[in-house]
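Chains, contacts and geometry: an overview
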Amino acid sequence: MKVTTAALPLLPLFQRLLPGLPGLPGLPGLPAVPGLPDLASLPGRLTGLSLTLLKASALEAAILAGHLLLYPSGIIQERRPVQSLRPTDDQDARDALDPQPSPPPPRLPAPVSPPVVLLHGFIDNRSVFLLLRRSLAQHGRHEIESLNYSPLTCDIRTAAELLGRHIEEICERTGSERVDVVGHSLGGLIARYYVQRLGGDLRVRTLVTLGTPHAGTKVVPLANAHPIVRQMRPGSAVIEELTRPAPGCRTRFVSFWSDLDRVMDPLETACLDHPDLSVQNVRVSGIGHLALPVHPTVATGIRQALDTAGPETGVETDTDTGKHHGGLTVA
């Protein structure tokens, strides 16, 4: 009994780690303590949790090593395609020999999809989207552009204005009225500010965020020396602006958040909760922050989010709150 009593202060910690533990009837001389009958199985469950953390950490380390190798290739802004209005010399010669060239073979009508804009996170560049870009291209997305913003950027508002100019240029060049945006971490917050505060909902059809601190993150307090990190803290002026009303917002939001994301503190800060926004929060189990824009299972979820006008198959609706929620299990 003394051992059990001494362990009582630790039970909230166990409940935090293992929220699924059921309640328990009271013991003689003790008040009812939730979860106590399952203490016998606690070592096994903690072992499973540790193995999952170990796998996720190993994957994060491998992704970080690979990304460091690819990082130099993404420093330079990618080249924009230039469409020539004049036919090539070879085409001129063929037309001269054949005044009435045969018409091209008929093509099946292809679904029209808006361009996809990829926006990286803090102190990163477009190389982080190498695998996601390939996955999108293989599944019919032909207009994909990765944008770089300077690692010296000190203001989310300024970065959002720059994003808006890029999107306007993309729409003018492609003839598309709207785009889809995928933002990782800080990139998602920049894109959200553009949509909510700068009228970007006229241009952005769907905004997918990956591990974005929508409510601010408290991780690494020493990083507060950087102004943009201070803007990502809970209660900052930027975070407060994003909580303001946004009636009539036309953009659909899909927020992927991971239960092993150590950059998000608390974890739930990567969930988007706003009464005026059309939001779907998707929980990802088994991977960390760096794996979100890389893992093929998440890439599949992103494609489904971009290809679906409304909540996709397998996503349930909470009848009490009206919000959508779903889940991806990676491990």
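Scroll up to find the structure.
Now for a description of the structure that goes with this document.

What counts, and where the lines are drawn
- Residues numbered from 1 in each chain as written.
- Predicted model: local features only at pLDDT ≥ 70, side-chain atom pairs only at ≥ 80, totals over all residues.
- Heavy atoms only, no water.
- Helix = DSSP H or I, 4+ residues; strand = E, 2+ residues; numbered from the N terminus.
- Expected span 1.5 Å × (residues − 1).
- Buried < 20%, exposed > 50% of the residue type's maximum accessible area, 1.4 Å probe, protein only.
- 1 Å grid on protein atoms, 1.4 Å probe; cavity = no way out; pocket = protein on both sides within 12 Å on 5 of 7 lines; lining within 4 Å.
- Points joined across faces, edges and corners; volume = space filled by probe spheres on them.
- Core = buried A, V, L, I, M, F, W, Y, C linked by side-chain atoms within 4.5 Å.
- Contact = heavy atoms within 4.5 Å.
- Pairing = 2+ DSSP bridges.
- Arc of directions from axis to C-beta.
- Nonpolar A, V, L, I, M, F, W, Y, C, P; charged D, E, K, R; others polar.
- Salt bridge = Lys/Arg side-chain N within 4 Å of Asp/Glu carboxyl O.

Moving on to helix α7 (residues 186-197). Here α7 is 12 residues long and its end C-alpha atoms lie 16 Å apart, about the 16 Å a rise of 1.5 Å per residue gives. Where burial is concerned, most of α7 is hidden: 11 out of the 12 residues are buried. Buried within α7 are the following residues: L186, G187, G188, L189, I190, A191, R192, Y193, Y194, V195 and Q196.

Okay, empty space enclosed by the protein next. Evaluated as defined, the whole model comprises 1 cavity of 30 Å³ or more. There is about 50 Å³ of room inside the largest cavity. Along its surface, the largest cavity is lined by L119, L147, N148, Y149, A159, L162, L163, H166 and I190. The element contributing the most residues to the lining of the largest cavity is helix α6 (residues 156-174), with 4 residues.

Time to look at the nonpolar core. Burial of nonpolar side chains together is a common tendency in soluble globular proteins. By size, the foremost hydrophobic cluster in this structure holds 34 residues, and its most contacted members are I156, L163 and I190. Only β1 (116-119), α6, β3 (179-184), α7, β4 (204-210), α8 (227-231) and α9 (237-242) provide two or more residues apiece to this core. Residues contacting I156, with those up to four places away along its chain left out, are L186, L189, I190, Y193, I228, Q231, M232 and V238. By size, the runner-up hydrophobic cluster in this structure holds 25 residues, among which are L136, I302, A305 and L328.

It is a general feature of regular strands that their side chains alternate between the two faces of the sheet. With respect to burial, strand β5 (residues 252-258) is a largely interior element, 7 of its 7 residues being buried. Alternating positions in β5 separate into two faces, R252, V254, F256 and S258 on one and F253, S255 and W257 on the other, with burial throughout. Relative to β5, β4 runs parallel, the two being bridged by 5 bridges. Note on β5: the bridge partner recorded for V208 is V254.

Let us now look at helix α5 (residues 130-138). Those residues of α5 that fall on the buried side of the exposure criterion are L132, S135 and L136. Summarising the axial view, the buried residues of α5 lie within an arc of 95 degrees, below the 170-degree limit, and thus occupy one face. Contacts from the buried residues of α5 go to β1, β2 (144-147), β3 and α10 (296-307). Looking at the residues trailing α5, positive phi occurs at G140, about 100 degrees.

In this approach a probe as big as a water molecule rolls over the atoms, and the regions it shows empty are the leftover space. Reported here for the second largest pocket is a volume of approximately 490 Å³. Lining the second largest pocket we find 23 residues, and of these F122, I123, S185, V263 and H289 sit closest to its centre. It is helix α3 (residues 42-70) that provides the largest number of residues to the lining of the second largest pocket, a total of 3 residues. Partitioning the lining of the second largest pocket into residue classes produces 14 nonpolar, 6 polar and 3 charged.

The next thing to look at is the pattern of salt bridges. Tallied over the entire structure, the rule returns 12 salt bridges. A salt bridge links R203 to E168; the shortest N-O distance between them is 3.0 Å. Placement of the pair is R203 in the loop between α7 and β4 and E168 in helix α6, with a sequence separation of 35 residues. Given a relative accessible area of 23%, R203 falls into the partly exposed group. The exposure class of E168 is partly exposed, given its relative accessible area of 35%.

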